[in-house]
Amino acid sequence: VNSLWKAEPTMILAVVSAGIALAIGFGAPITTQQMGLIMAFVAAVLGLINRSQVTSAATLQNMTPKTLADAQDTAQPVKDVVKKLPAVLLACILAGSAFGCASAPPNLSPAAHVAFVNTRAIKGLDILRDFAIDANNQQPPIISTATTRKVVLYHESSVKIIDASGSGWRAAVLTGLDELVKEIPANESPKLTPYVILLKTILTEIP
Amino acid sequence: MNQNLINVAIAQAPAVIGFLKEAFLEAHPTDPQPTDEEVIAAYHSAFASSIAKDEAYLAAHPEA
């Protein structure tokens, strides 16, 4: 499986795609747009895994024998962790394949309906913010404090927009997310991309 | 660093999956339905705790 991650991310993506198509065939309520978002999320995760497993030819050319040996030594723990990822990815796909955009309970008043939807939006925003903070807390930090502050400030303003505007927040929060993505440095962007895609899915699809 | 990133992603996975299940799975028709008061209280709780975590982080990491 480990060599498959390294060598055949495209094949894995094709298998996942076929699995989703099969789920749709058996009646899973997934729209074309949702399927595209799931595939984008899976592609981003696979890209992250693949990047952790490979080194560019240019980098290899610049390595001395000692640094090459050091790199091989540090690669082993990464490979061990990657072994856990199929289970995580499978769980994500299973959760993703359950996308049905459940609507709010029908017994709710209009005010409670808005609160129900807005709670989901806030919890979705929390996922991105919590990942950024946890990544920033690692030693050494995986995401810089400057970038994490941007994520937290975006999160704070979005939650306040949701609270202030009731049901009319979606466009402003999604536009803010696009602006945030533009401000993230290129070297940190891939680490946040899976969570950004997930958040976009959540904000777009919740009724 | 990659190992730390993957560890953080794995640590986040249960919360992400739990959220997706809660957010997107249709409730079974026989499940008890939440009341207005419960839903609104859950919203205020989510809002308050979410903002509190933002403020705590920003206070601990002032702009350089």
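No experiment lies behind these values; they were computed from the predicted model shown.

Concerning the overall build of chain B
Consideration 1: For chain B, the count of helices and strands is 2 helices and 0 strands.
Consideration 2: Per-residue burial over chain B gives 36% buried out of 64 residues.
Consideration 3: Here chain B has roughly 3700 Å² of accessible surface; of this, 61% comes from carbon and sulfur atoms.

What to know about the overall build of chain A
Consideration 1: The helix and strand tally for chain A stands at 10 helices and 0 strands.
Consideration 2: By the burial criterion, 44% of the 207 residues in chain A qualify as buried.
Consideration 3: The long-range fraction of contacts in chain A, counting pairs at least 24 apart against all pairs at least 6 apart in sequence, stands at 72%.
Consideration 4: Looking at chain A as shown, the accessible area adds up to about 9700 Å², and 64% of this sits on carbon and sulfur atoms.

Side note on the side chain of N136 of chain A
Consideration 1: Relative to the helices and strands, N136 of chain A resides in helix α7 (residues 110-137).
Consideration 2: A polar side-chain atom of N136 of chain A sits 2.8 Å from the main-chain carbonyl oxygen of I143 of chain A.
Consideration 3: A polar contact of 2.7 Å, which involves the side chain of N136 of chain A, links it to the side chain of Y57 of chain B.

Quick notes on the confidence of the model for chain A
All names here are of chain A.
Consideration 1: Summary statistics for chain A give a mean pLDDT of 73 and a share of 50% for residues scoring 70 or more.
Consideration 2: Ranking the elements of chain A by mean pLDDT puts helix α6 (residues 85-97) last with 47 and helix α8 (residues 145-165) first with 96.
Consideration 3: Low confidence marks residues 73-91, where pLDDT is under 50. Its contacts with residues over four positions away, or in another chain, come to 31 contacts.
Consideration 4: Within the model, the stretch residues 93-101 combines pLDDT values under 50 with 25 contacts to residues more than four positions away or in other chains.

Digging into the packing of aromatic side chains
All names here are of chain A.
Consideration 1: Under the defined criterion, the tally for this structure stands at 2 aromatic pairs over all chains.
Consideration 2: Seen from their ring centres, F131 and Y195 are 4.0 Å apart, and the 15° between their planes marks the pair as stacked. A residue pair is termed long-range when its members are at least 10 positions apart, and F131 in helix α7 and Y195 in helix α10 (residues 189-205) qualify at 64 residues.
Consideration 3: Under the relative-accessibility criterion, Y195 is labelled buried at 9%.
Consideration 4: Seen from the ring of W169, R170 lies directly overhead, with NZ or CZ sitting 5.3 Å from the centre.

Considering the pattern of salt bridges
Consideration 1: Taken as a whole, this structure holds 7 salt bridges over all chains when the rule is applied.
Consideration 2: Between D130 of chain A and R129 of chain A there is a salt bridge, with its nearest N and O atoms 2.7 Å apart. Here D130 of chain A matches R129 of chain A in class, with each residue buried.
Consideration 3: For K53 of chain B, the salt bridge is made with D130 of chain A, and the minimal N-O distance between the two is 3.0 Å. Linking K53 of chain B in helix α2 (residues 36-60) with D130 of chain A in helix α7, this pair reaches from one chain into another.
Consideration 4: Its relative accessible area of 33% is what places K53 of chain B among the partly exposed residues.
Consideration 5: Members of the salt-bridge network, linked through shared partners, are D126, R129 and D130 of chain A together with K53 and D54 of chain B.

Comments concerning the confidence of the model for chain B
Consideration 1: When the pLDDT values of chain B are averaged, the result is 80; 73% of them are 70 or greater.
Consideration 2: In the predicted complex, the global pTM is 0.64; the interface-specific ipTM is 0.77.

Thresholds, definitions, all that
Residues numbered from 1 in each chain as written. Chains lettered and ligands numbered in written order. Predicted model: local features only at pLDDT ≥ 70, side-chain atom pairs only at ≥ 80, totals over all residues. Heavy atoms only, no water. Helix = DSSP H or I, 4+ residues; strand = E, 2+ residues; numbered from the N terminus. Buried < 20%, exposed > 50% of the residue type's maximum accessible area, 1.4 Å probe, protein only. Areas by Shrake-Rupley, 256 points an atom, 1.4 Å probe, with all protein chains shown as cover. Contact = heavy atoms within 4.5 Å. Polar contact = N/O pair within 3.5 Å; in protein donor to acceptor, adjacent residues only side chain to side chain. pLDDT = per-residue confidence, 0-100. Phe/Tyr/Trp six-rings, centres within 6.5 Å; stacked < 30°, edge-to-face > 60°. Lys NZ or Arg CZ within 6 Å of the ring centre and 35° of its normal. Salt bridge = Lys/Arg side-chain N within 4 Å of Asp/Glu carboxyl O.

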